[in-house]
Every structure is written in C-alpha cells, then in structure tokens.
Amino acid sequence: MVITFLRQNRCLSATWKALRVPTSSSAWLSKTNSTMREDNSFSSIHSSGCGSDLIQESASTCDDEKCSSRNVESTPEIEKKYVHRVYDAIAPHFSSTRFAKWPKVATFLKTLPLGSLILDAGCGNGKYLGLNPDCYFIGCDISAPLIKICADREHEVLVADAVNLPYRTGFGDAAISIAVLHHLSTENRRRRAIEELVRVVKKGGLVLITVWAVEQEDRSLLTKWTPLAPKYVEEWVGPGSPRVRSPSSLMLESIPETDDRSVESMREVKANIAEKPEKIQNLNHHGEDDEMALRQEKNIKDQQEYFVPWHLPYHRAEVSGASMTALASGLAKKDDKKGAVVYNRYYHVFGEGELERLVSGMDNIIVVDRFYDKSNWCIILEKTC
C-alpha cells in the first residue's frame, strides 16, 4: 500500500512538472479543458520556477513566422466537425471497441528503461496508459468525453491539442502518437504535431508514431469510405488552414457517395483481367464501363482524403442527446437497415514514405526505424539535441 501511494504521488508530481503552467494553476486547467478548442492559448501560459527556462516564449508580436504558427494552431472547420464533434458523440461506444493493444506498440513501451516518463498524445480511452508498470504515463486528447473515461480509470490526463501540447520542453523520456496524425487536415498541422512530440522529449528520447496507410491490406475497405470530392480537397485540405465554409455547405449530404455500381463494375473488371489478360488491350472494344472502372481504380490509389463511417447502434445512441443534435444538424444520418446512426470521420491516409518526408527537414531527430504493420505506417524517431 505504501509503495502504491508513493508511486501515485511520484506520477502526479511528474505530471505537474511536465506542464507548462505553475502548480497553482489547477483552476486554470479545469477552465481550459472546456474552452481550449476555441482558444488554443496554451503557448501564452508561462511557468515559474526552476523549469521555466524550458518553456516556449509566447508571441509578443506577429511577425511572419509567428503568424504562420498561429494559423497552424487554429483548428480547421473540417476537423472541428468531422473529428472533434464526432469523437465527442461516439466516445462511450468507441471506447468499448478499443481494448486490444497492438503488439508493436506494446513492445515499444515494454522495452523502455525503468522509470521512464511517457506521454501518450491522443490517448483516446487510455488503453496504452499504464501498459508498462515500471514506467510513468501521462496522456492527453482533444476529446473531453474520452479524457473523462481515462480520468475515471484514474489515469493522469488532460484535454489538449496535438499541435500545441501544454507540456514543458524536454520533460519526457518517450512519446507516442497512435492513430492521431491522420485526423489532421493539412500538411503543416501534421508536421507541427510531430515537432511537438519531439519537443516534449529529452535528448535521446524516443517518439513512436503510427498512421493509417493508403495501402490497406484489405483493399475492399476503401470502397466503404467516402472520398472527398476534389473541390473539398482544394478548399478544406490545402497546404494551409482551410477556409471557413457556411453551415449549409458543411452538410454531409452535399458530398457525393461512392457509386456502388461503379465499385461492382471495377471488381468485375479485376476478375476478368485476372482470367484473360488480353482483355486489357481491348478496353475500347468492350465499352466505356470497363474503362471508367479502371479509371476509378486509379483514382482510389491516388486518393488520400476520406470520410470513414462510424456506425453507432440505435441503443447506444440513446445514451445522450448528442446523436439527436447531430442528426438535426446534418453531422450524422440514420441507417435503418443497420439500426445505427452513422457518423463520418475525416481521415488523411498516408502513403509510403510520407512520414519520412514530413520529418526530413527536422535537424534535431534521426529515424531509428520505420515499418508497416496492420495497414499502418509507423516510424520511430530519436531526439538528438
């Protein structure tokens, strides 16, 4: 009992030391948990004491670099609606499906040195928190309902944005980001999230990142996702923060669904080509349908922006009024055949080598390992300075 008490106190102490706020700011943390999505003000909080030299200075002027930083930290509408609001609405059901640990992630955590302090950024329901009993874990997530689930399990967690982590520079021994970056809608935001993970670990610290791959082991999954139409990719998922659109234009129904007939046609073409390769030479002779199917197959390979459905069973949707609000606003729709409220989550699925390209310009890290695992691209970084 004494050992457990000491461990809990040491972990709590480590958590406060990691934060970029003084230990007297618990009230501020409570307030921030409910307001930070709109405010994004962590960078303006300064810490006092011996660790203050590790804190990033807040911006006093708005030169080009600082204004650019603020733009990256400003959450685009597509993420607010199709990531934040969706996970808030489905949190209990989502959590009930998230219990299995990926072996590669578990191995990474279990091989860290005794007493390591580990940050799980985007911890979800906290399934990895505490996995290694010889280490200390803290976690954060943008979803307050998911963080409440973690807190109810007595994990050390808080609500935070992946692109603006509220932790001191160089506080941790390791950080993990599991299935998070693919929910960020611009390249600049994805790169910033990686920079933040690297920032918060010590020299020699390790960072493990996993993201969904466009190269899915089960290619049929892609036909169940809704690709973003080119105009949405251009306006919402450009190199900078997407433009704010009017509420009416955010309606999911305005985004074209995958044509099931075209998908079936594509599958038939694949089967025919496998049986008789010579058919490839006579596409025009066999009609426009086959040509359209092959063109659509190429588009699937090139497509990286998707809405991926989450089916919330009717009996789970009654747990709160969130689903009724989502249906009324157009965020979700009913599927009576499956007896579920269907939400769509935004994903940018990563291509091979994309994670490496994102970190290629960072001069304070080296790539320790990269691998493909269970339809995910994964990378392990080491901070060098």
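Each remark here, short or long, concerns the structure printed above.
Scope of this entry: the structure provided in the associated data block.

The rules we used
- Residues numbered from 1 in each chain as written.
- Predicted model: local features only at pLDDT ≥ 70, side-chain atom pairs only at ≥ 80, totals over all residues.
- Heavy atoms only, no water.
- Pairing = 2+ DSSP bridges.
- Helix = DSSP H or I, 4+ residues; strand = E, 2+ residues; numbered from the N terminus.
- Axes fitted to C-alpha atoms, helices over the stretch in contact; angles between N-to-C directions.
- Buried < 20%, exposed > 50% of the residue type's maximum accessible area, 1.4 Å probe, protein only.
- Arc of directions from axis to C-beta.
- Contact = heavy atoms within 4.5 Å.
- Salt bridge = Lys/Arg side-chain N within 4 Å of Asp/Glu carboxyl O.
- Core = buried A, V, L, I, M, F, W, Y, C linked by side-chain atoms within 4.5 Å.
- Nonpolar A, V, L, I, M, F, W, Y, C, P; charged D, E, K, R; others polar.
- Phe/Tyr/Trp six-rings, centres within 6.5 Å; stacked < 30°, edge-to-face > 60°.

## Some points on the sheet that holds strand β1 (residues 117–121)
And then number 1: Spatially, the seven strands line up as an open sheet ordered β3-β2-β1-β4-β5-β11-β10, and their pairing is mixed. Since the sheet does not close on itself, it has two edges, and those belong to β3 (157–159) and β10 (365–373), each with one partner. Strand-to-strand twist across the sheet, computed as the mean angle between neighbouring axes with direction ignored, equals 15 degrees.
And then number 2: Bridging between strand β4 (residues 172–178) and strand β5 (residues 201–212) involves six bridges; their strand directions are parallel.

## Looking at helix α6 (residues 144–152)
And then number 1: Within α6, the full set of buried residues consists of L146, I147, I149 and C150. Buried positions in α6, seen along its axis, are confined to an arc of 155 degrees and lie on one side of it. Seen from the open side of α6, the exposed residues pointing more than 90 degrees away from its buried face are K148 and D152.
And then number 2: Buried residues belonging to α6 abut α4 (77–96), β2 (136–141) and β3.
And then number 3: Just past α6, the residue E154 takes up positive phi, approximately 65 degrees.

## Some words on the pattern of salt bridges
And then number 1: Counted under the stated rule, the structure contains ten salt bridges.
And then number 2: Notably, a salt bridge pairs K202 with D173, separated by 3.4 Å at the nearest N-O pair. Remark: D173 occurs in strand β4 and K202 occurs in strand β5; sequence separation between them is 29 residues.
And then number 3: On the basis of relative accessible area, D173 is assigned to the partly exposed category, the value being 26%.
And then number 4: Taken together, the shared-partner salt bridges connect E73, R192 and E195 into one network.

## Observations regarding the pairing of β1
And then number 1: Most of β1 sits out of view: five of its five residues are buried.
And then number 2: Burial of the side chains of β1 extends over both faces: L117, L119 and A121 are buried on one face and I118 and D120 on the other.
And then number 3: Inspection of the sheet shows β1 paired to β2 by five bridges, in the parallel sense. For I118, the partnering residue across the bridge sits in β2 and is F137.

## Quick notes on the nonpolar core
Here is a general trend for soluble globular proteins: nonpolar side chains tend to be buried in one another's company.
And then number 1: One finds L119, Y167, I194, I209, L355 and L381 to be the most contacted residues of the largest nonpolar core, which totals 38 residues.
And then number 2: Within the residue set of this core, elements represented by two or more residues are β1, β2, α7 (187–199), β5, α13 (354–359) and β11 (376–383).
And then number 3: Those residues in contact with L355, other than ones at most four positions away along the chain, are L181, I194, I209, V211, F350, W377, C378 and I379.

## Some remarks on the sheet that holds strand β7 (residues 305–313)
And then number 1: With antiparallel pairing, four strands are arranged side by side in an open sheet as β6-β7-β9-β8. The strands lining the two open edges of the sheet, one partner per strand, are β6 (226–227) and β8 (332–335).
And then number 2: Pairing of β7 with strand β9 (residues 340–348), which is carried by nine bridges, proceeds in the antiparallel orientation. Paired with E305 across the strands is H348, a residue of β9.
And then number 3: Sheet contacts for α4: β7 and β9; angle to β9, the most-contacted strand, approximately 130 degrees.

## Regarding the packing of α4 against α6
And then number 1: Contact pair α4 / α6: the axes reach a minimum separation of 7 Å and the direction vectors enclose 35 degrees. Contact residues: α4 offers Y87, D88, A91, P92, F94 and S95, while α6 offers A144, P145, L146 and I149.
And then number 2: Of the residues that constitute the contact of α4 with α6, the class distribution is eight nonpolar, one polar and one charged.

## Some remarks on the packing of aromatic side chains
And then number 1: In total, this model carries eight aromatic pairs according to the counting rule given.
And then number 2: Judged by centre distance (5.2 Å) and plane angle (85 degrees), the rings of Y87 and F94 are edge-to-face.
And then number 3: A residue is classified by how much of its surface remains accessible, and Y87, at 9% relative accessible area, is buried.
And then number 4: The exposure class of F94 is buried, given its relative accessible area of 10%.
And then number 5: Arranged with centres 5.5 Å apart and planes meeting at 55 degrees, the rings of F94 and W310 form a pair that is tilted. Taken together, the residues F94 in helix α4 and W310 in strand β7 connect sequence positions 216 residues apart.
And then number 6: On the accessibility criterion, W310 (9% relative accessible area) is buried.

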